[in-house]
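Spelled out from the first residue to the last, the chains are:
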Amino acid sequence: MSGSVSIKVKGLVSLKAKYSRLPSNVIAGLTRGINQATAVVEASAKAVTPVDTGRLRGSIHARKAKNDGKSVTGSVYTDVEYAMFVEFGTGVRGNGSYPYKTEIALAYGNVAGQVAQPFLGRALHQREKEIHQIVSAAVSGAMKGKRNV
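Computed from a predicted model, the values in this text were never measured in an experiment.

### Here we look at the packing of helix α2 (residues 24–48) against helix α7 (residues 128–144)
Packing of α2 against α7 leaves a shortest axis separation of 8 Å and a crossing angle of 155°. It follows from the interaxial angle that α2 and α7 lie roughly antiparallel. α2 and α7 meet at a crossing whose hand is right-handed. For the pair α2 and α7, contact is made by Asn25, Val26, Gly29, Leu30, Gly33, Ile34, Gln36, Ala37, Val40 and Val41 and by Glu130, Ile131, Ile134, Val135, Ala138, Val139, Ala142 and Met143, respectively. Each residue belonging to the contact of α2 with α7 can be placed in one class, and the counts come to 13 nonpolar, 4 polar and 1 charged.

What follows is the structure, encoded as structure tokens:
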């Protein structure tokens, strides 16, 4: 199993409709902003990852943003099989120890386990304002560079 956090901008269809002819440079600016934001989250996640051997920290990478016409999505991920257990905790000690809102529910047995040591969620949470600033600045800059928007 692997883990990831994603930065997704929803509503491109309605945004395109609102501006009727959204210039491609604005979408390119949004994509650049998301790529910059995922690089920030990647660096932050590596800085807060608990380290034993360094394998988990070394496995954290940002994936280039993708535009499917409806949303632009960038993600930071790890493919280490035990990443989710570190992130969300295990057993009785892990139950309820994850401090961020998530849709993930893990089944806990009657084992002691370990408390959550979030690194992806923490990185995203700690840099949330900066992420918004980076993406907003990239889109604003792209829009200012085009007169018809």
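### Brief notes about α7
Between its first and last C-alpha atoms α7 spans 24 Å; for 17 residues at 1.5 Å apiece the expected length is 24 Å, and the two agree. Taken residue by residue, α7 has Ile131, Ile134, Val135, Ala138, Val139 and Ala142 as its buried positions. Summarising the axial view, the buried residues of α7 lie within an arc of 115°, below the 170-degree limit, and thus occupy one face. The exposed residues of α7 that point more than 90 degrees off its buried face are Lys129, His132, Gln133 and Lys144.

### Considering the pattern of salt bridges
Evaluated as defined, the whole model comprises 3 salt bridges. Two residues, Glu42 and Lys46, come together in a salt bridge whose shortest N-O distance is 3.1 Å. Placement of both Glu42 and Lys46 in helix α2 is noted, with a separation of 4 residues, approximately one turn of the helix. With a relative accessible area of 19%, Glu42 lands in the buried category. Arg127 serves as the salt-bridge partner of Glu130, at 2.6 Å between the closest nitrogen and oxygen.

### Brief notes about the nonpolar core
In terms of nonpolar packing, the biggest core is built from 23 residues, with Leu30, Ile34, Leu56, Ile60, Phe119, Leu120 and Val135 touching the most fellow members. Where this core is concerned, the elements lending two or more residues are α2, β3 (72–78), α4 (83–88), α6 (120–126) and α7. Among the elements that take part in this core, α2 stands out by supplying 7 residues, more than any other. What Val135 contacts, discounting residues up to four positions off in sequence, is Leu30, Gly33, Ile34 and Ala37.

### Focus on the environment of Thr38
The residue Thr38 is located in helix α2 in this model. It is 5.7 Å that separates the C-alpha atoms of Thr38 and Ala62, two residues lying 24 residues apart in sequence. Within the structure, the side chain of Thr38 is placed 3.0 Å from the backbone oxygen of Asn35, a separation counted as a polar contact.

### Describing the environment of Gly69
By the secondary structure assignment, Gly69 is in the loop between β2 (61–67) and β3. The exposure class assigned to Gly69 is partly exposed, which follows from its relative accessible area of 28%. A sequence separation of 42 residues divides Gly69 from Ile27, and the C-alpha atoms of the two residues are 9.8 Å apart.

### Structural notes on the pairing of β2
Every regular strand shows the same layout, with side chains that alternate between the two sheet faces. One ladder, built from 5 bridges, connects β2 with β3; its direction is antiparallel. Bridge pairing links His61 to Tyr77 in β3. In this structure, the hairpin formed by β2 and β3 is closed by a connection of 4 residues, where Gly69 is found at a positive phi of approximately 90°.

What counts, and where the lines are drawn
Residues numbered from 1 in each chain as written. Predicted model: local features only at pLDDT ≥ 70, side-chain atom pairs only at ≥ 80, totals over all residues. Heavy atoms only, no water. Axes fitted to C-alpha atoms, helices over the stretch in contact; angles between N-to-C directions. Helix = DSSP H or I, 4+ residues; strand = E, 2+ residues; numbered from the N terminus. Parallel < 35°, antiparallel > 145°, perpendicular 65-115°, else oblique. Left-handed = near helix turned anticlockwise from the far one by under 90°. Contact = heavy atoms within 4.5 Å. Nonpolar A, V, L, I, M, F, W, Y, C, P; charged D, E, K, R; others polar. Expected span 1.5 Å × (residues − 1). Buried < 20%, exposed > 50% of the residue type's maximum accessible area, 1.4 Å probe, protein only. Arc of directions from axis to C-beta. Salt bridge = Lys/Arg side-chain N within 4 Å of Asp/Glu carboxyl O. Core = buried A, V, L, I, M, F, W, Y, C linked by side-chain atoms within 4.5 Å. Polar contact = N/O pair within 3.5 Å; in protein donor to acceptor, adjacent residues only side chain to side chain. Pairing = 2+ DSSP bridges.

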